[in-house]
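This is what each chain is made of:
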Amino acid sequence: MKIAVCVSHVPDTAAKINIAGDGKGIDQTGVTYVVNPYDEFAIEETLKTKEKLGGETVAISLGGEANKETLRKALAMGIDSAVLLKDESYRDSLSVAKALAEEIKTQNAELVFFGKQSVDFDNSVVGQMTAELLGYNCISVVVDFKLEGNKVIAEREIEGGKEVVETLLPAIITAQKGLNEPRYASLKGIMSAKKKVIEEKPAAAATNFVDAVTMKRPAPKQAGKIVGTDATAVPELIRLLHEEAKVI
Amino acid sequence: MGNKILVLLEQRNGQIKKASLEAVKTAYDLSSKLSCESEAIVIGNDIENMESIGNYGIGKVKHYKHSDLQNYSPSAYSKILAEHAKETGASIIIIPNTSLGKDLAPRIAAKLDAGLAMDCISLDIQNSEIVATRPIYAGKVLLDVKLNSTVKIFTLRPNVFTAAMVGESKADIESVNVDNPDLSTKVVEIKKSEGKLDVAEAEIIVSGGRGMKSAEHFNMVEELAQLLGAASGASRAVVDAGWRPHSEQVGQTGKTVSPTLYIALGISGAIQHLAGMRSSKYIVAVNKDKDAPIFQIADYGIVGDIFEVVPAMIEEIKKIKS
């Protein structure tokens, strides 16, 4: 079985994000990029599934030259091969999904893992969209995954609990934190990843339906008052919450 | 061509969720600004109080009914919703940004080849076009977007739009039985976290951070939360340490929340945590470090020892509640 994992290259969550002068993008100064955190769970589940059932694994990423760093990390963790769908320009989620769907078709992958969302644009949609475009089944926000023959049994996180969902391959699974513990790349893995060739091809063209108009900062929150410096301030705090803010 | 708005009502156990009422009221406001019709769709089996949607501004509800549709089925729900939208010529589709809505909306967008704006915190009309504002980078930045597709889909962040009644009227309900729903992907069981409120839905959240010092001390967080009818939350540090489950994590790799009141106990306020909770209406912080970044966004703070302050808070709130 061929198992694919789709990965994105995003600013570190610890990065301070500033808006660029044109108001359309972010200022790249001092921003370090990492593998999208949720994609690490997707990579780990891909590797675990291969270790159990055999098969071949491929990592796919859409973006610029810099995405190769994330693909190398996937290779270093143990993914067999990597494909970069090259496109430096802005794409909305559906247009990303269309290009990924084309490549998944080419790869003939029956099972595909995604992170549940990229921590840059926070849409959490590309996995489900790609599945629809391919006619694959899809379970999103998965914290437990089992494959029995071609039957998928997964648990997805919902408000106040989990849904146990069943479906069949071919399928797309989007990974939530808690699914597994991503492994560290071994030194051997890192060395062999350096030697591997990342296949590059242009991303399939698609129209954008979402126009990014402008970026802005959220209204600054004013620092409020320090009510006190020990437990004697508590009655006043509770009074403020009860009478001034009226929230308790 | 005129617009037509369609709102998805989400039901769980036959109850219409509050986030759906927020979506209905938002659709009502948009329909008056755009002078267009709006209607609602709900998928399930036995659903209570569908008529009450009329009070929030939508007079017509189509109910797709089947005993296997009481629980969510991504395959069946997405087919029914997409086909209904096509048949009725809906041009604007509004969906609550809940776990169900987040799963469903992208499927509909792909089926209808439509533009999609997720997790919107405002929908504004500019030159008769909708401009949606959505937080990105977990709220470190807000992005305004416009959709240029024929069908436009928006999901609304819960607790941000108000679910105000606009009058008293009963909605007309049209129920149709669904033949052979596509159950190729279906929920077979729901495992509830015992008696716990979810941070994503709670009006009040009490969160603990590394300053709680151990997993055991979280009983203080839970006691305060229970007293306030609040959900208990956690910072990434304590989730990574295994003290709390990931479902409680607030922040960039956890949940982004907008409760009315957020109480941060022993949380210093890492940038990725602040991003996930800064849109809370009121923020209270208790931390012994006066320079902790959390105080920069807190409405009320106590610089002090949580192990003294929190028990005092519990006592004081008990007084108010009694």
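Residues numbered from 1 in each chain as written. Chains lettered and ligands numbered in written order. Predicted model: local features only at pLDDT ≥ 70, side-chain atom pairs only at ≥ 80, totals over all residues.

Describing the domain arrangement of chain B
All names here are of chain B. You can read the domains of chain B as domain 1 (4–177) and domain 2 (204–321). Centre-to-centre, using C-alpha coordinates, domain 1 lies 32 Å away from domain 2. Tallying the contact residues gives eight residues for domain 1 and nine residues for domain 2. Across the side of domain 1 that touches domain 2, the residue classes break down as four nonpolar, two polar and two charged. (Domains from an automatic or database assignment. Contact = placed C-beta atoms within 7 Å. Nonpolar A, V, L, I, M, F, W, Y, C, P; charged D, E, K, R; others polar.)

Here's the deal with the packing of helix H4 (residues 126–134) of chain A against helix H3 (residues 99–112) of chain B
Running from amino to carboxyl end, H4 of chain A crosses H3 of chain B at an angle of 40°, the nearest separation of the two axes being 8 Å. Relative to H3 of chain B, H4 of chain A is oriented oblique. In the packing of H4 of chain A onto H3 of chain B, the handedness of the crossing is right-handed. Here Gln128, Met129, Glu132 and Leu133 of chain A of H4 of chain A come into contact with H3 of chain B, specifically with Asp103, Pro106, Arg107, Ala109, Ala110 and Lys111 of chain B. For the contact of H4 of chain A with H3 of chain B, a count of residues per class yields five nonpolar, one polar and four charged. (Axes fitted to C-alpha atoms, helices over the stretch in contact; angles between N-to-C directions. Helix = DSSP H or I, 4+ residues; strand = E, 2+ residues; numbered from the N terminus. Parallel < 35°, antiparallel > 145°, perpendicular 65-115°, else oblique. Left-handed = near helix turned anticlockwise from the far one by under 90°.)

Some remarks on the sheet that holds strand S6 (residues 92–96) of chain B
Residue and element names in this part refer to chain B. One open sheet holds the seven strands; their spatial order is S7-S11-S6-S1-S4-S5-S12, and the pairing between them is parallel. The open sheet terminates on both sides in strands that have one partner only, identified here as strand S7 (115–120) and strand S12 (172–177). Across this sheet, the average inter-strand angle for adjacent strands is 20°, counted without regard to direction. Direction of pairing for strand S1 (residues 4–9) relative to strand S4 (residues 37–44): parallel, over a ladder of six bridges. Within S4, the position partnered with isoleucine 5 by the bridge is serine 38. (Pairing = 2+ DSSP bridges.)

Concerning unusual backbone geometry
Across the junction of leucine 169 of chain A and proline 170 of chain A, the peptide omega takes the value -5°, indicating a cis bond. In this structure, aspartate 119 of chain B is a non-glycine residue whose phi angle is positive, near 60°. Relative to the assigned elements, aspartate 119 of chain B resides in strand S7. According to the C-beta neighbour criterion, aspartate 119 of chain B is buried, with 25 such atoms within 10 Å. In this structure, serine 128 of chain B is a non-glycine residue whose phi angle is positive, near 50°. Tracing the sequence through the fold places serine 128 of chain B in the loop between strand S8 (122–126) and strand S9 (129–136). Serine 128 of chain B gets classed as exposed once you count the C-beta atoms within 10 Å, which come to 9. (Buried ≥ 20, exposed ≤ 12 C-beta atoms within 10 Å, placed from the backbone.)

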